[in-house]
Amino acid sequence: MSSAEPYPPGPPGTPPSPSDRYFEGLTYGRAWNAFWLGLASVFCCGLLTGIPAIYVGARALSDIEASQGRLVGRGLAWVGIVLGILGILETVAGGLTWYQLRS
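The model shown is predicted, which means the values in this text are computed figures rather than measured ones.

## A few points about the confidence of the model for the chain
On average, residues of the chain score 84 in pLDDT, and 77% of them reach the 70 mark or higher. At the level of individual helices and strands, the chain shows its lowest average pLDDT in helix α3 (residues 74-102), which scores 90, and its highest in helix α1 (residues 29-45), which scores 95.

Take a look at the structure:
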C-alpha cells in the first residue's frame, strides 16, 4: 500500500479506492468463518455451530453481493451454509435414533 492509502477498503457499498487493487482475489473473512463453522457442525458440534454457520454464511453472501465485485467467496459462503444444514440434520437424526433405541 502507498502512504496515501494506508487503510483497507471500506465496508460494502462504498466506492472503490486506489488501494483496492492490493486486496483483489482475497476471500472475504466472513465466508471463511461460515465454512469453518459448517465443517465443525458436521464433524463434532452439530447445532452449536450449524445455526451460526447458516447465519454467518447468509451475512457473507449479502456483504459479497453489496460489495459490487470487490469481495469474493460466494462459493465458500454457500458451502458453509450447506455444511451447517447437514450438521443440523445429522444432529436431529442422531437424536431421533437415540430416542428410538431408548424406548
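## Concerning a nonpolar patch on the surface
Side chains of W78, V82, I85, L86 and L89 sit close together on the surface and give an oily, nonpolar patch of about 480 Å² of accessible area. Relative to the assigned elements, L89 resides in helix α3.

## Description of the pattern of salt bridges
Summed over all chains, the structure comprises 2 salt bridges. R74 is paired through a salt bridge with E65; the nearest N and O atoms lie 3.1 Å apart. You can call R74 partly exposed: its relative accessible area is 39%.

## A word on the side chain of D63
Looking at the element boundaries, D63 is found in helix α2 (residues 47-66). Looking at D63, the relative accessible area reads 13%, which means it is buried. Of note is the side chain of D63, whose polar atom sits 2.6 Å from the side chain of R30. The contacts of D63, once residues within four sequence positions are left out, are P12, Y28, R30 and L71.

The rules behind each value
- Residues numbered from 1 in each chain as written.
- Predicted model: local features only at pLDDT ≥ 70, side-chain atom pairs only at ≥ 80, totals over all residues.
- Heavy atoms only, no water.
- pLDDT = per-residue confidence, 0-100.
- Helix = DSSP H or I, 4+ residues; strand = E, 2+ residues; numbered from the N terminus.
- Patch = residues over 30% accessible without salt bridge, like charges linked within 9 Å, V, L, I, M, F, W, Y side chains within 5 Å.
- Areas by Shrake-Rupley, 256 points an atom, 1.4 Å probe, with all protein chains shown as cover.
- Salt bridge = Lys/Arg side-chain N within 4 Å of Asp/Glu carboxyl O.
- Buried < 20%, exposed > 50% of the residue type's maximum accessible area, 1.4 Å probe, protein only.
- Polar contact = N/O pair within 3.5 Å; in protein donor to acceptor, adjacent residues only side chain to side chain.
- Contact = heavy atoms within 4.5 Å.

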